[in-house]
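Topology and contacts: notes
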Amino acid sequence: MAVWKETENWAFEYFDINEKLPKIAPFESFIDLWQEKRGTRLAPAWNDFQLEDLTEWWGSVIVLDCQQTPFDFCYRLFGSNAVQLFGLDITGKWASELIGGEYDLEDDIPFYEMLVQNPSMSYTYGSIHWQNRHHIKCAFLELPLSDDNKTITNMISILHHDGVQ
């Protein structure tokens, strides 16, 4: 595990996917599913997952489509639990469009770029301080996806907050 950045309200940790991945509650079964879909490849592809595979996390799944040059990512799917928690649906939005807005991704863009260039699992957690809701804690577990088994083309994320996955 390495810490990419810590602020007073948020922590960004990452783990090399070529090493034994830790079990992080409450994401253990999702990590196991990702490993099963991955097999011996760099990472599973988004199309390796069936809707039924994600039943346990419906509403909490977020999928990013990554653009390499210049680096950016688009929210293919921003689950209903995330929409409810943050009060906005950013499905179809590019991260670069959101800078300076209500869901500012200024810290996230370089972090995701690092995760794509160095395929890693990430665990980020803290309070929703950017909406002045410090009392609400949440966490995300992100894992890479690859359509070509050479580069990271997507990231899949699971949101957890206040006992809800």
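Fair warning: this is a prediction, and the values are worked out from it, not measured in the lab.

**A look at helix α4 (residues 108–117)**
- The buried fraction of α4 amounts to seven of the ten residues, a majority that puts the element mostly inside the structure.
- Considered for burial, the residues of α4 that qualify are Asp 108, Ile 109, Phe 111, Tyr 112, Met 114, Leu 115 and Val 116.

**Regarding the pairing of strand β4 (residues 72–78)**
- Counting buried residues along β4, five of its seven residues qualify, which places the element largely inside the surrounding structure.
- Note that strand β3 (residues 61–67) and β4 share six bridges and pair antiparallel. Residue pairing across strands places Cys 66 opposite Phe 73, the latter belonging to β4.

**Notes on the nonpolar core**
- One finds Phe 30, Phe 73, Tyr 75, Phe 86 and Met 121 to be the most contacted residues of the largest nonpolar core, which totals 53 residues.
- The element contributing the most residues to this core is strand β6 (residues 133–145), with seven residues.

**Quick notes on the pattern of salt bridges**
- Taken as a whole and assessed by the stated rule, the structure comprises four salt bridges.
- Taking the shortest distance from any N to any O, the salt bridge between Asp 53 and Lys 37 comes out at 2.9 Å. Here Asp 53, found in the loop between α1 (28–38) and β3, pairs with Lys 37, found in helix α1; they are 16 residues apart in sequence, far enough to count as distant.

Cut-offs and rules
- Residues numbered from 1 in each chain as written.
- Predicted model: local features only at pLDDT ≥ 70, side-chain atom pairs only at ≥ 80, totals over all residues.
- Heavy atoms only, no water.
- Buried < 20%, exposed > 50% of the residue type's maximum accessible area, 1.4 Å probe, protein only.
- Helix = DSSP H or I, 4+ residues; strand = E, 2+ residues; numbered from the N terminus.
- Pairing = 2+ DSSP bridges.
- Core = buried A, V, L, I, M, F, W, Y, C linked by side-chain atoms within 4.5 Å.
- Salt bridge = Lys/Arg side-chain N within 4 Å of Asp/Glu carboxyl O.

No statement about biological role is implied by the geometric values presented.
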